[in-house]
Amino acid sequence: MATVELDGVSKAFGTQNAVAGVSFTVEAGQLVALLGPSGCGKSTTLRLIAGLEPATGGTIRIADRDVTQAAPSERGVSMVFQSYALFPHLSVAQNIVFGLEVRKVPKAERARRLERAAGILGLETLLDRKPSQLSGGQQQRVALGRAIVAETPVCLMDEPLSNLDAQLRLDMRREIRGLQRRLGVTMIYVTHDQVEAMTMADRIVLMRAGHLEQHGTPEELYNRPATVFTARFVGTPPMNVLPLASLGEAAARLAPAGRDPAGVSIGVRPEHVRFAGNGFHATVTSVEYLGADSLVDVRLGGHPFIVRVPGRTGLGEGQSIHLEWDGSHEHFFDTESGRRI
Ligand code: ATP
């Protein structure tokens with residue numbers, strides 16, 4: 001098992017800083033999700049760790065060894081890409097051991113590793129097929145097989161499930177998580193899907209515009225978001241964040257000690273709001289019924305606001321309602337900087 005440490009790692013493409021001084025440590029045997037919106041630099045960060053791109057600044061250490069200048073093959077990492085990158089003319093078995101052949105691993109050892117990986121992934125009966133004769137989920141397993149036979153202490157994954165349908169994604173998420181635990185590898189997993197990050201990761205590194213926005217456990221990011229950006233990126237639907245002043249007279253009472261309510265925003269998650277006999281007055285703008293619960297869009301103090309309630313509501317557009325929530329579920333942010341107070 002190996003730790004992965006990034007210290008002030010940067011990557012510039014021309015004048016653009018794709019990754020700007022990112023530092024975090026992945027403990028041995030942990031699964032860390034690199035999460036963020038499109039273009040935030042998560043794939044580039046993964047490629048820097050893999051050695052597929054040279055860093056323009058900072059240090060990368062794997063298993064306590066400085067690998068910043070090392071070739072990809074010397075870093076002890078395997079990588080699974082979104083595209084699977086399978087060779088169409090090779091069989092499943094040949095695809096899985098391809099990298100071992102390149103590295104001149106002896107034949108008997110290749111056979112041993114292939115048998116083990118095929119067993120783990122349930123590919124035993126498919127070894128002679130070509131990738132075109134496999135389903136998307138099976139192709140994904142072959143790509144995972146390659147990473148397993150490499151037997152590296154670190155495995156890097158770049159959006160490996162984005163080509164799969166929703167049900168298969170759910171199954172493969174569990175499978176990858178189980179595999180990571182069983183093999184004891186350190187895994188860094190790139191995704192833009194916060195549900196994937198929340199359900200799979202021991203810790204999440206949330207990135208924004210080349211910077212690290214917040215690093216913590218899924219619970220920390222959900223319960224104590226450091227910024228409005230994190231608050232709204234983690235959780236669906238996103239946290240309601242509105243100027244405290246839009247709550248009228250209550251603003252002065254709710255404002256954190258010593259803060260002028262005028263510069264403060266309040267955040268409340270849709271699932272923490274309930275209907276009440278009295279409380280904040282709001283007007284329903286639309287209702288979305290999801291089965292287990294409903295999302296009620298309202299306007300509160302002139303701002304759009306979402307309430308998540310169990311089952312059906314019987315509410316309709318234009319209806320007047322009152323809302324309340326517990327003080328323990330309030331989050332306060334500095335409106336100008338977006339930082340948590
Ligand atoms: P996505 O989820 O869309 O893949 P990402 O968070 O993985 O996004 P990156 O692919 O790391 O983002 O890209 C970060 C930024 O760096 C983007 O603005 C991108 O346009 C830029 N970039 C990435 N690779 C290159 C390259 N080879 N040359 C120039 N710019 C690049």
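For clarity, every value in this text was computed on a predicted model and none was experimentally measured.

The tally for this structure, following the rule as stated, stands at 16 salt bridges. Among the salt bridges present, the one from arginine 113 reaches glutamate 109, with a minimum N-O distance of 2.9 Å. Taken together, the residues arginine 113 and glutamate 109, both in helix H3 (residues 107-121) and four residues apart, mark about one turn of the helix.

Let us look at the site of the ligand. By nearness alone, every residue bordering the ligand is listed as Phe13, Gln16, Ala18, Pro37, Ser38, Gly39, Cys40, Gly41, Lys42, Ser43, Thr44 and Glu159. A distance of 2.6 Å separates an oxygen atom of the ligand from a polar atom in the side chain of serine 38. Glycine 39 is positioned such that a nitrogen or oxygen atom in its backbone is 2.7 Å from an oxygen atom of the ligand. Contact with the protein chains removes 59% of the 630 Å² of surface that the ligand exposes when unbound. Residue assignment for the shell around the ligand shows that the elements contributing at least two residues are strand S2 (16-26) and helix H1 (42-50).

Here the structure, examined in full by the defined rule, presents four aromatic pairs. Ring geometry for phenylalanine 229 and phenylalanine 233: centres 5.7 Å apart, planes at 20 degrees, overall stacked. Within this pair, phenylalanine 229 and its partner phenylalanine 233 are both found in helix H8 (residues 228-233), separated by four residues, close to a single helical turn. Here the two residues phenylalanine 229 and phenylalanine 233 agree in accessibility, since each one is buried. Ring geometry for phenylalanine 280 against tryptophan 325: centres 5.0 Å apart, planes inclined by 20 degrees, an arrangement best described as stacked. One end of the pair, phenylalanine 280, is in strand S13 (residues 274-289); the other, tryptophan 325, is in the loop between strand S16 (320-324) and strand S17 (331-334), with 45 residues separating them in the sequence. Among the aromatic residues, those joined into a cluster by ring pairs are Phe280, Phe305 and Trp325. A cation over an aromatic ring shows up here: arginine 269 above the ring of tyrosine 222, its NZ or CZ 4.1 Å from the ring centre.

Take the sheet that holds strand S5 (residues 65-66) next. Reading across from one edge, S2-S1-S4-S5 is the order of the four strands in this open sheet, with antiparallel pairing throughout. What marks the edges here is a single partner per strand, and that holds for S2 and S5. Where strand S1 (residues 4-13) and strand S4 (residues 57-62) come together, five bridges link them in antiparallel fashion. Residue serine 10 lies in a different strand from S4, and its bridge partner there is glycine 57. Along the sheet, H1 contacts S1, S2 and S4; its crossing angle with S1, the most-contacted strand, is approximately 115 degrees.

Along its sequence, the protein chain is organised into domain 1 (4-232) and domain 2 (239-334). Each of domain 1 and domain 2 has a C-alpha centre, and these two points are 39 Å apart. At the junction of the two partners, domain 1 supplies eight residues and domain 2 supplies eight residues. When domain 1 packs against domain 2, the two sides together hide about 660 Å² of surface, and 55% of this comes from carbon and sulfur. If you sort the residues of domain 1 by the area they bury against domain 2, Tyr222, Val228 and Ala231 come out on top, with a joint share of 65%. Taken together, domain 1 and domain 2 are joined by four residue pairs in polar contact (both at pLDDT 80 or more). Looking at the side of domain 1 that touches domain 2, the elements with two or more residues in it are helix H7 (218-223) and H8. In the side of domain 1 that touches domain 2, the residues fall into five nonpolar, two polar and one charged.

The terminal C-alpha atoms of helix H4 (residues 136-150) lie 22 Å apart, and with 15 residues this matches the ideal 21 Å at 1.5 Å per residue to within 8%. H4 sits mainly inside the fold: 11 of its 15 residues count as buried. Where H4 is buried, its residues contact strand S6 (77-80), helix H2 (92-102), H3, strand S7 (154-158) and helix H5 (166-183). One or two residues past the end of H4 sits glutamate 151, with phi positive at roughly 50 degrees.

Proline 237 follows threonine 236 through a cis peptide bond whose omega is -15 degrees. Its place among the elements puts proline 237 in the loop between H8 and strand S11 (240-243). Despite not being glycine, lysine 104 has its phi angle at roughly 60 degrees, a positive value. You can see lysine 104 is positioned in the loop between H2 and H3.

So, about the pairing of strand S14 (residues 293-300). It is a general feature of regular strands that their side chains alternate between the two faces of the sheet. For S14, the tally of buried residues reaches six of eight residues, placing the bulk of the element in the interior. Relative to S14, S13 runs antiparallel, the two being bridged by seven bridges. Considered in S14, the bridge of tyrosine 289 is made with serine 294. With eight bridges connecting them, S14 and strand S15 (residues 303-310) associate as antiparallel partners. Among the inter-strand pairings, aspartate 297 is bridged to a residue of S15, identified as isoleucine 306. Between the antiparallel neighbours S14 and S15 lie two residues, among them glycine 301 with a positive phi of about 55 degrees.

The rules behind the values
Residues numbered from 1 in each chain as written. Predicted model: local features only at pLDDT ≥ 70, side-chain atom pairs only at ≥ 80, totals over all residues. Heavy atoms only, no water. Salt bridge = Lys/Arg side-chain N within 4 Å of Asp/Glu carboxyl O. Helix = DSSP H or I, 4+ residues; strand = E, 2+ residues; numbered from the N terminus. Near = heavy atom within 4 Å. Polar contact = N/O pair within 3.5 Å; in protein donor to acceptor, adjacent residues only side chain to side chain. Areas by Shrake-Rupley, 256 points an atom, 1.4 Å probe, with all protein chains shown as cover. Phe/Tyr/Trp six-rings, centres within 6.5 Å; stacked < 30°, edge-to-face > 60°. Buried < 20%, exposed > 50% of the residue type's maximum accessible area, 1.4 Å probe, protein only. Lys NZ or Arg CZ within 6 Å of the ring centre and 35° of its normal. Pairing = 2+ DSSP bridges. Contact = heavy atoms within 4.5 Å. Axes fitted to C-alpha atoms, helices over the stretch in contact; angles between N-to-C directions. Domains from an automatic or database assignment. Buried area = accessible area lost by both parts, 1.4 Å probe. Nonpolar A, V, L, I, M, F, W, Y, C, P; charged D, E, K, R; others polar. Expected span 1.5 Å × (residues − 1).

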